[in-house]
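Spelled out, the chains give:
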Amino acid sequence: MVVDEEMVSFGFTPDNEITNGRSAMMGFTFLLIFELLTGKGFLKGTGFLDFLYQYLPDFPILKY
């Protein structure tokens, strides 16, 4: 069996880091556009915070 030590497909390789960085930039851009269009943050805009307020009404961190 011949193993090519130059070919790395797992770990912190430059190609993997570039893909990860591009995905992060797309995610931040999506969240920014979502917030600009709705005027709410992501959790409030999707209703997740309403879910927390409903089931944890006396939780001190969630009071507004």
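Note: the structure precedes this text.
Calculation criteria
Residues numbered from 1 in each chain as written. Predicted model: local features only at pLDDT ≥ 70, side-chain atom pairs only at ≥ 80, totals over all residues. Heavy atoms only, no water. Helix = DSSP H or I, 4+ residues; strand = E, 2+ residues; numbered from the N terminus. Buried < 20%, exposed > 50% of the residue type's maximum accessible area, 1.4 Å probe, protein only. Polar contact = N/O pair within 3.5 Å; in protein donor to acceptor, adjacent residues only side chain to side chain. Expected span 1.5 Å × (residues − 1). Patch = residues over 30% accessible without salt bridge, like charges linked within 9 Å, V, L, I, M, F, W, Y side chains within 5 Å. Areas by Shrake-Rupley, 256 points an atom, 1.4 Å probe, with all protein chains shown as cover. Salt bridge = Lys/Arg side-chain N within 4 Å of Asp/Glu carboxyl O. Phe/Tyr/Trp six-rings, centres within 6.5 Å; stacked < 30°, edge-to-face > 60°. Contact = heavy atoms within 4.5 Å.

Looking at the side chain of Thr13
- Structurally, the position occupied by Thr13 is in the segment before α1 (14-38).
- By relative accessible area, which is 13% here, Thr13 ends up buried.
- A polar contact is formed between the side chain of Thr13 and the side chain of Asn16, at a distance of 3.1 Å.

Things to note about α1
- The terminal C-alpha atoms of α1 lie 36 Å apart, and with 25 residues this matches the ideal 36 Å at 1.5 Å per residue to within 8%.
- Following α1 by one or two positions, Gly39 adopts a phi angle in the positive range, close to 80 degrees.

Focus on a nonpolar patch on the surface
- On the surface, a nonpolar cluster with roughly 920 Å² of combined accessible area is contributed by Phe28, Phe30, Leu31, Phe42, Leu43, Phe48, Phe51, Tyr55 and Leu56.
- Of all the secondary-structure elements, those providing two or more residues to the nonpolar patch are α1, α2 (42-46) and α3 (48-55).
- Along the chain, the position of Phe42 falls in helix α2.
- In this structure Phe42 comes out as partly exposed when scored by relative accessible area, which is 40%.

Some words on the packing of aromatic side chains
- Going through the model one piece at a time under the given rule, you end up with 2 aromatic pairs.
- Taking the centre distance of 5.7 Å and the plane angle of 65 degrees together, the rings of Phe34 and Phe42 count as edge-to-face.
- Overall, Phe34 belongs to the buried group, its relative accessible area being 18%.
- Counting every residue linked through ring pairs, the aromatic cluster contains Phe30, Phe34 and Phe42.

Description of the environment of Glu35
- With respect to the helices and strands, Glu35 occurs in helix α1.
- Of the residues examined, Glu35 reaches a relative accessible area of 45% and is grouped as partly exposed.
- Spatially, the C-alpha atom of Glu35 lies 8.0 Å from that of Gly45, the residues being 10 residues apart in sequence.
- Residues in contact with Glu35, not counting those within four places in the same chain, are Lys40 and Gly41.

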